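Residue-level structural notes
So the chains spell out like this:
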Amino acid sequence: MSKLHLITYGCQMNEYDSERVAGLLKQERYELTDRPEEADLILVNTCSIRERAEDKVYSQLGVLRHLKRRRPDLVIGVMGCMAQLQKGRIQDRAPHVDLVFGSPAIARVAELVERARQGRGPVLETGEGALVKIAARPDGGQRLKAFVTVMEGCEKYCTFCVVPTTRGRERSHAPEVVVEEIRSLAEVGCREVTLLGQTVNAYGRDLSPPTDLAALLEQVGAIDGIERIRFTTSNPYNLTSRLIRAIRDVPKVCEYLHLPLQSGSDRVLERMNRGYTRARYLELIAELQETVPDLALSTDLIVGFPGETDEDFAQTVEMVERIGYDNVFAFRYSRRPGTPAALMDDQVPDEVKAERNRLILEAAGRVAAARSLRLEGRVMEVLVDGVSRKSEGEMAGRTRCNRVVNFDAAGRDLLGRVVPVRIVRALPHSLRGELIEDPEAGDRFPAGAAMAARLA
Ligand code: SAM
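Here the residue numbers are simple positions, counted from 1 along each chain's written sequence. Residue-level local features of this predicted model are given only where pLDDT is at least 70; pairs of side-chain atoms are given and counted only at 80 or more, and the full residue set underlies all totals for whole chains, interfaces and linings. Hydrogens are left out, water is left out, and the side-chain values use all remaining heavy atoms of the structure.

Check the secondary structure of the protein and you find 14 helices and 19 strands. This radius of gyration counts C-alpha atoms alone. The globule rule is 2.2 Å times how many residues there are, raised to the power 0.38. In summary, the protein has a C-alpha radius of gyration of 23 Å against a globular reference of 23 Å for 456 residues, a match within 12%. Reported as C-alpha extents along the three principal axes, the dimensions of the protein are approximately 65 × 55 × 50 Å. For the protein, the proportion of its 456 residues judged to be buried stands at 56%. Strands here are runs of E lasting at least two residues and helices are runs of H or I lasting at least four, both read from the DSSP assignment and numbered beginning at the N terminus. Each residue is assigned to one of three classes by its accessible area relative to the maximum for its type, calculated with a 1.4 Å probe on protein chains only: buried under 20%, partly exposed between the two thresholds, exposed over 50%.

Okay, structure coming up:
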């Protein structure tokens, strides 16, 4: 057996891709190792979304150079978005890298690694490729929760974003292929799936016949063994009433939606080419909250986009307070080569971005604390997915609204079960709960609608 060390940066889709690569290479007799110094092959799966993500990769490659010096037969590869964006420039800056390949070439990873191993010059594969569903997983897929990519690419062309360049145009996997993958995950114990796509709610438009995410949710909802379904990332532009109703009507779909706002200012939204206004976004929130009471919302925000004034920024803060997000991911605008915003001449200074980032996180923290507080005293379904990080002997899980709950399981192993827990305290980053029922009473706790009915 040869040894593979995988380093993954970036989004969930990268995690999913890394798993596929490990699965494919396992078929070629590569087993995973945590220790880079004993690896025969090191692959770095990269992210380009912000400059800082790329800097991390280059500094990682700097560390790996020392290993390569000691062991010239070690093969080092860079894969993913940075490979697709920077192409040969990676090997110019890090000549010890033997192999660079983008996500369209993942299905051919074994052949590419073999070429690199034979040392016939640096291997570079960064073209477009057909969308292929790869079922291989290094461990047979045994896990409680899994990501499942349902579509690739993005055609929104937000002026700040490299994704259309790194991941190409929108391509959806056929529903039967997705369903088959999830069915096989359920058979080996998976209880929760997160459907992934850069604009997941544009799913299916490109298929023939066309379909949509609402229809896919229904099909996934019918798979035995799966108890929870999440999906990300949704774009407000493609959010339909049909999808909003599916969140309400498909019992396994969790009451949680990540809906990037990016900015609360119409002027900035227009310059970002987001395709919606602040009023339209608020209309969607109203429809969501009316259709799915208790829906938890999270969002992405960019601070310091070119030309963003104090007034624009104040409008973003105001939206955070008005909407009451459960969670906010705030990013300082990062100038990405090849994007229209990188060429805008009214770039915002770094100190202003840093200050706005601090202020937005402060506002988001206040809002999230108030949202958490309202959960105190409620009984919530928790899918137990591990032991508590805080205290030994305790178990941890997540609510349907994606909050972490720690509770005393009285020494019982509840891993993989959905259990009712009363929330006794809201802490800044998690909830404390109390198990309210004897888990030995049944073989398995009921899930979804059945549980909700019992608790009502
Ligand atoms: N496709 C989704 C959308 O546009 O709604 C989001 C996907 S992106 C991988 C995750 C987040 O990174 C974006 O929502 C945005 O907030 C942030 N992001 C993207 N490009 C950025 C940039 N150039 N600078 C700072 N943040 C950026």
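Next comes the rest of the write-up.
A few words now on the nonpolar core. Where a protein is soluble and globular, its nonpolar side chains tend to be buried together. Counting 59 residues, the largest nonpolar core has Val 193, Leu 195, Phe 231 and Leu 288 as its most contacted members. By definition, residues are in contact when any of their heavy atoms lie within 4.5 Å. Among all residues touching Phe 231, those that are not within four sequence positions of it are Thr 194, Leu 195, Val 200, Leu 213, Leu 217, Leu 243, Ile 247, Val 253 and Leu 257. Ala 22, Ile 106, Ile 134 and Ala 136 belong to the second largest nonpolar core, which has 22 residues in total. We call a set of buried Ala, Val, Leu, Ile, Met, Phe, Trp, Tyr and Cys residues a nonpolar core when their side-chain atoms join them within 4.5 Å.

Next up on the list: the environment of Glu 392. If you trace the backbone, Glu 392 turns up in the loop between β15 (379-387) and β16 (394-399). On the basis of relative accessibility, which here comes to 83%, the residue Glu 392 falls in the exposed class. The spatial distance from the C-alpha of Glu 392 to the C-alpha of Asp 408 is 9.4 Å, given a sequence separation of 16 residues.

Next up on the list: the site of the ligand. Contacts to the ligand come from 15 residues, most closely from Gln 198, Gln 262, Arg 274, Asp 300 and Ser 334. Whenever two N or O atoms come within 3.5 Å, that pair is a polar contact, provided that in protein one can donate a hydrogen and the other can accept it, and provided that, for residues adjacent in sequence, both atoms are side-chain atoms. With respect to the ligand, the side chain of Arg 50 contributes an N or O atom lying 3.1 Å from an oxygen atom. Here Ser 334 contributes a backbone N or O atom positioned 2.8 Å from a nitrogen atom of the ligand. Protein chains shield 91% of the accessible area of the ligand, which is 580 Å² for the free molecule. Among the secondary structure elements, those contributing two or more residues to the shell around the ligand are β13 (296-303) and β14 (327-332). Amino acids are sorted into nonpolar (Ala, Val, Leu, Ile, Met, Phe, Trp, Tyr, Cys and Pro), charged (Asp, Glu, Lys and Arg) and polar (every other residue, Gly among them). Taken together, the residues of the shell around the ligand sort by class into six nonpolar, four polar and five charged. If even one non-hydrogen atom of a residue comes within 4 Å of a molecule or strand, that residue is called near it. The Shrake-Rupley method, run with a 1.4 Å probe, gives the accessible areas here. Residue values count only the displayed protein chains as cover.

A pair of strands is labelled paired if DSSP reports no fewer than 2 bridges between them. Taking strand neighbours across the sheet as the criterion, the six strands line up as β2-β1-β3-β4-β5-β6 in an open arrangement whose pairing is parallel. Bordering the open sheet on either side are β2 (30-32) and β6 (123-125), each of which pairs with just one other strand. Within the sheet, the average angular offset between the axes of one strand and its neighbour, ignoring direction, is 20°. Note: strand β4 (residues 75-80) against strand β5 (residues 99-101), three bridges, orientation parallel. The residue bridging Gly 77 from the neighbouring strand is Leu 99, located in β5. A fitted line through C-alpha atoms represents every axis, and for helices the fit uses only the stretch in contact; the resulting angles, taken between N-to-C directions, go from 0 to 180 degrees. Here helix α2 (residues 51-70) sits on the sheet and contacts β1 (2-8), β3 (41-46) and β4; the angle it forms with β3, its principal contact strand, is near 175°.

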